[in-house]
Number of protein chains: 2
Amino acid sequence: MTVATAHTTPSTASAQRRVSVLGATGSIGLNTLDLIGRDSAAYDVVALTANRNAEALARLAIAHRAETAVVADESQYEALKAALSGSGVEAAAGLQAVVDAAAQPADWIMAAITGAAGLRPTFEAAAQGTRIALANKECLVSAGEVFMAAVASAGTMLLPVDSEHSGAFQAIDDGSADGIERIVLTASGGPFRDWPMDRLAAATPEQALQHPNWSMGAKITVDSATLMNKGLELIEAYHLFPVAPEQLGVVIHPQSILHCLVEYADGSVIAQLSCPDMRTPIAYSLTWPNRMQTPTERLDLAKLGQLTFETPDVARFPALRIAQDALAAGGCAPTVLNAADEVAVDAYLQGRIGFASIPALVEATLDASEQSVGRHLPSTLDDVLEIDYAGRALALSLLPKFNKT
Amino acid sequence: MTVATAHTTPSTASAQRRVSVLGATGSIGLNTLDLIGRDSAAYDVVALTANRNAEALARLAIAHRAETAVVADESQYEALKAALSGSGVEAAAGLQAVVDAAAQPADWIMAAITGAAGLRPTFEAAAQGTRIALANKECLVSAGEVFMAAVASAGTMLLPVDSEHSGAFQAIDDGSADGIERIVLTASGGPFRDWPMDRLAAATPEQALQHPNWSMGAKITVDSATLMNKGLELIEAYHLFPVAPEQLGVVIHPQSILHCLVEYADGSVIAQLSCPDMRTPIAYSLTWPNRMQTPTERLDLAKLGQLTFETPDVARFPALRIAQDALAAGGCAPTVLNAADEVAVDAYLQGRIGFASIPALVEATLDASEQSVGRHLPSTLDDVLEIDYAGRALALSLLPKFNKT
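### Topic: the overall build of chain A
What chain A contains, in helices and strands, is 18 helices and 12 strands. Taking 2.2 N^0.38 as the reference for a compact globule, 405 residues should give roughly 22 Å; the C-alpha atoms of chain A span a radius of gyration of 21 Å, in line with that estimate. For the C-alpha atoms alone, the extent of chain A along its principal axes is close to 60 × 50 × 40 Å. Split into buried and exposed, the 405 residues of chain A put 59% on the buried side. Residue pairs at least 24 apart in sequence account for 67% of intrachain contacts in chain A once pairs closer than 6 positions are excluded. Of the roughly 15,100 Å² of accessible surface on chain A, 51% is carried by carbon and sulfur atoms. The centroid of the 26 positive side-chain charges in chain A is displaced by 5 Å from the centroid of its 45 negative side-chain charges.

### Describing the pattern of salt bridges
Residues and elements named next belong to chain A. Throughout the structure, instances matching the rule amount to 50 salt bridges over all chains. Residue Arg193 pairs with Glu310 through a salt bridge whose shortest N-O separation is 2.5 Å. Of this pair, Arg193 sits in the loop between β8 (180-187) and α9 (197-201) while Glu310 sits in the loop between β12 (306-308) and α15 (318-329); the two residues are 117 residues apart in sequence, bridging distant segments of the chain. Of the residues examined, Arg193 reaches a relative accessible area of 21% and is grouped as partly exposed. We classify Glu310 as partly exposed; its relative accessible area is 28%.

### Quick look at the interface of chain B and chain A
Of the residues lining the interface, 43 residues belong to chain B; the matching set on chain A comes to 42 residues. With both chains or domains summed, chain B and chain A bury close to 3,500 Å², and 50% of this area falls on carbon and sulfur atoms. It is Asp266(B), Arg291(B) and Phe309(B) in chain B that bury the most area against chain A; as a group they hold 20% of the surface buried on that side. At the boundary of chain B with chain A, the tally comes to four salt bridges. Put simply, Asp266(B) and Arg291(A) hold a salt bridge, and the shortest N to O gap is 3.1 Å.

### Some points on the sheet that holds strand β4 (residues 90-93) of chain A
All names here are of chain A. Pairing within the open sheet is parallel, and its seven strands lie in the order β4-β3-β2-β1-β5-β6-β7. Lying at the two open borders of the sheet, with one neighbouring strand each, are β4 and β7 (158-160). Neighbouring strand axes in the sheet, compared pairwise and without regard to direction, differ in orientation by 20° on average. With four bridges connecting them, strand β2 (residues 43-50) and strand β3 (residues 68-71) associate as parallel partners. Bridging from a neighbouring strand, Ala50 pairs with Val71 of β3.

### A look at the packing of helix α5 (residues 119-128) of chain B against helix α7 (residues 144-154) of chain B
Residue and element names in this part refer to chain B. With their axes 7 Å apart at the nearest point, α5 and α7 run at an angle of 25° to one another. Taken together, the axis directions place α5 and α7 in an arrangement best described as roughly parallel. Note on element contacts: α7 touches α5 through Val146, Phe147, Ala150, Val151 and Ala154, opposite Thr122, Phe123, Ala126 and Ala127. Along the lines of polarity and charge, the residues of the contact of α5 with α7 split into eight nonpolar, one polar and no charged.

### Overview of the packing of aromatic side chains
Where two aromatic rings form a pair, the distance of their centres and the angle of their planes describe that pair. Counted by the stated rule, this structure contains 12 aromatic pairs over all chains. Relative to Phe355(A), the ring of Phe192(A) lies with its centre 5.0 Å away and its plane at 90°, an arrangement referred to as edge-to-face. Of this pair, Phe192(A) sits in the loop between β8 and α9 while Phe355(A) is found in the loop between α16 (333-349) and α17 (357-372), placing the two residues 163 residues apart along the sequence. For the pair Phe192(A) and Phe355(A), one class covers both residues: buried. The class for Phe355(A) is buried, based on a relative accessible area of 4%. Through a chain of ring-to-ring contacts, three or more aromatic side chains come together here, namely Phe192(A), Trp195(A), Tyr348(A) and Phe355(A). Against the face of Trp195(B) rests Arg199(B), its NZ or CZ located 3.6 Å from the ring centre.

### Some thoughts on helix α13 (residues 279-287) of chain B
With nine of its nine residues buried, α13(B) lies for the most part within the structure. Residues of α13(B) that are buried include every one of Arg279(B), Thr280(B), Pro281(B), Ile282(B), Ala283(B), Tyr284(B), Ser285(B), Leu286(B) and Thr287(B), and no others.

### Structural notes on the nonpolar core
Formed by 223 residues in total, the largest nonpolar core has its most connected members in Leu48(A), Phe147(A), Ile183(A), Leu337(A), Phe147(B), Ile183(B) and Leu337(B). Residues Val19(B), Leu48(B), Tyr77(B) and Met110(B) belong to the second largest nonpolar core, which totals 35 residues.

### Examining the relation of the copies chain B and chain A
One copy of the chain maps onto the other through a rotation about an axis plus a displacement along that axis. Overlaying chain B on chain A yields an RMSD of 0.0 Å, the required transformation being a rotation through 180° with an accompanying axial translation of 0.0 Å. What we have between these two chains is a two-fold relation.

### A few points about the confidence of the model for chain A
All names here are of chain A. Mean pLDDT over chain A: 93, with 94% of residues reaching 70 or higher. The low-confidence segment residues 1-13, where pLDDT is below 50, has 27 contacts with residues more than four positions distant or belonging to other chains. Interface predicted TM-score (ipTM) for the complex: 0.94; the corresponding pTM is 0.94.

### Observations regarding the domain arrangement of chain A
Interface extent is often summarised as the accessible area lost during association of the parts. All names here are of chain A. When its domains are assigned, chain A resolves into domain 1 (17-161), domain 2 (165-277 + 299-304) and domain 3 (330-402). Taken together, the two surfaces of domain 1 and domain 2 that pack against each other cover about 1,100 Å², and 72% of this comes from carbon and sulfur. Contact with domain 2 buries surface across domain 1, with Lys137, Leu140 and Pro160 losing the most and accounting together for 53% of the total. Our count for the domain 1 to domain 2 interface comes out at two salt bridges. With a closest N to O distance of 3.5 Å, Glu233 and Lys137 form a salt bridge. Across the domain 1-domain 2 interface, the total number found is two residue pairs in polar contact (both at pLDDT 80 or more).

### A few points about the environment of His165(A)
Residues and elements named next belong to chain A. Looking at where His165 falls in the secondary structure, it is placed in helix α8 (residues 163-172). Taking the C-alpha atoms as reference points, His165 and Leu185, separated by 20 residues in sequence, lie 8.1 Å from one another. Aside from chain neighbours lying at most four places away, what touches His165 is Pro160, Leu185, Glu233, Glu236, Ala237, Leu240 and Phe241.

### With respect to the side chain of Ser188(A)
With respect to the helices and strands, the residue Ser188(A) is situated in the loop between β8 and α9. A distance of 2.9 Å separates a polar side-chain atom of Ser188(A) from the backbone nitrogen of Gly190(A).

### What to know about the pairing of strand β9 (residues 248-252) of chain A
Residue and element names in this part refer to chain A. Among the five residues of β9, five are classified as buried, and the element is accordingly described as predominantly covered. Pairing between β8 and β9: five bridges, direction parallel. In the sheet register, Ala187 faces β9, and the bridge partner there is Ile252.

Thresholds, definitions, all that
Residues numbered from 1 in each chain as written. Chains lettered and ligands numbered in written order. Predicted model: local features only at pLDDT ≥ 70, side-chain atom pairs only at ≥ 80, totals over all residues. Heavy atoms only, no water. Helix = DSSP H or I, 4+ residues; strand = E, 2+ residues; numbered from the N terminus. Rg over C-alpha atoms; globule rule 2.2 N^0.38 Å. Buried < 20%, exposed > 50% of the residue type's maximum accessible area, 1.4 Å probe, protein only. Contact = heavy atoms within 4.5 Å. Areas by Shrake-Rupley, 256 points an atom, 1.4 Å probe, with all protein chains shown as cover. Lys, Arg positive; Asp, Glu negative; His and termini not counted. Charge placed at Lys NZ, Arg CZ, Asp CG, Glu CD. Salt bridge = Lys/Arg side-chain N within 4 Å of Asp/Glu carboxyl O. Buried area = accessible area lost by both parts, 1.4 Å probe. Pairing = 2+ DSSP bridges. Axes fitted to C-alpha atoms, helices over the stretch in contact; angles between N-to-C directions. Parallel < 35°, antiparallel > 145°, perpendicular 65-115°, else oblique. Nonpolar A, V, L, I, M, F, W, Y, C, P; charged D, E, K, R; others polar. Phe/Tyr/Trp six-rings, centres within 6.5 Å; stacked < 30°, edge-to-face > 60°. Lys NZ or Arg CZ within 6 Å of the ring centre and 35° of its normal. Core = buried A, V, L, I, M, F, W, Y, C linked by side-chain atoms within 4.5 Å. Least-squares fit on C-alpha atoms with pLDDT ≥ 70 in both. pLDDT = per-residue confidence, 0-100. Domains from an automatic or database assignment. Polar contact = N/O pair within 3.5 Å; in protein donor to acceptor, adjacent residues only side chain to side chain.

The structure is reproduced here in structure tokens:
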């Protein structure tokens, strides 16, 4: 393992903002660097990290004159080093190097490593007090209480990047959360929004991967089809905003234009809308409290003609109810929910279980975990990882019951 | 004329906010007092004013334990005095008494006198630095530059009450107007939204007075049918928010749920929505920056099902274009526009001119005024009143050309 060193050439232009991107080669990372590149004189890129694509990482690091490029997969170290040869960009590899990259002094960091792998680096950035643009879901879903405690203790400013949470943050962003009655996230309803129950049960992974509005990874696209993704977002919203679980709601909005509604005690509702382009919420996290110019398509409601809304059908999409129950139960239930869902979606994508078995396996795991794992609230990141591991093991042990015949 | 005196019994509960309502017996005034009455311990009602309904005014003044009640119509003084007899509420009458009521020390004042009659009292409140909830349109449409200069010079906080402007204010309300690209007000489209041109020309006052969503006075309801009201609101928005005329737009939205869109440079749009109930924007103006509980109907998008949007048709509704032109022309054009529109709507309601002649008379007046009135920007309220008078006279002189045959 090679440890990234602190930057060797201090920035001379002190007005430049020092920024790092964890997960630079993913969709969020690329969009972030697209925006940074449009105003490159304003930024000093400290560290870029990627999971294993050394070549893409090196290209980005050179283009953005990063100080350090870190690949998590140590087997890619030599490839990264070779690709960066003569560029002046320092190469590093390994999980600890990614954590070290997150710890490098910076003014802003994009935390866009997907999955549990994003936990340690994002916690590290939070501990430094670095302003965090948060795209990793696990920090809030699996480790919500622990993560928010770390954020509060370091005085870290957290800027959500998910379009729904960025929308709520923008709607609330008047320095006061006074009088919030409800926060309602919208859901596209996914590709199976209109499907009857029997057809849903037979939905194939290929069908589930056709998201109507957003192009995303396989896991999150399947989660959108089951509505589990919206359930996970409710858990995130609970930690990000000053609301109780029962003050959070979901409305189906197939056009994915209106992302979030914040409802106030006086009957007023503030909503955030935009064309589906992740650069809009990323830009807000980057330049908050100011706004930068982006080349994103502008919203034209007259051209769209209509925005439609429906109540989510939890009979056909029980994942939403299961996630809400886990949020209400609290303790380690959200951690187990997230772990079981990863196992279930993986099994579905492998063709081992049917679509309707995804929520069924998650619920069975949650039920069984009350006995085996208990309900205690994790108090450290290691606690979270232990419960996450136990949740996965439990889901895997229950999986055969749901196997296709 | 009887001059209102300063309050004689100083409030003992210093935490109470001293509030006055100009135009207490109108729809905005009644809704304001409804809200104040729900938390009456928090408010000390200083002065209530009305145009001529002494009986209703006296009832409100007694119910809200006002210090003073002022009726503008001096002939109603005895009636008011009699109705207040023994109540401890001081009675006053006359236009100057209304201005004096506006000048009484208060923490907050609702400026809801309609028409030109609202100018002097609202200017007086602005000069005192009293926080103003502004429902009078003329201060901004006829006297925009002069009024905003008075507001700025006294450090007065201005809170718009119109649902569209309150919506924009709420959407922007993060202490920063950075990156605003456009502000778009919605218009219901009025009762003639779908009417073809020939049918429009024959629209009767009875038909024009059927507003689909709001119950308002005759003048504003006809203005909603011609879309002149939205044009006047664009002029108001220009003075309230940091935008150029070309950054203001209108979109037709028949449901009147979404009131305003603020579009930012990063592609994000913040909108304000609510069920049509004036108590929501009034409540925000009353408790800003906090939110009070109101009994208004809560927005349920899933129940509504859809929100629709269309581009306004300026061929059928030229008033919108005429108002936009007047805003772009600047100087005294908005003052003349407002004066001519009052004459035109009045003539229409009297059956003297047809519906299509409303914008035609306004435009003819604006054209003729370039010669007779000029285009200079009014610099005092007296200037404004002089131009307003000249505009009315000019419109009346042109009226016979538009008379029905």
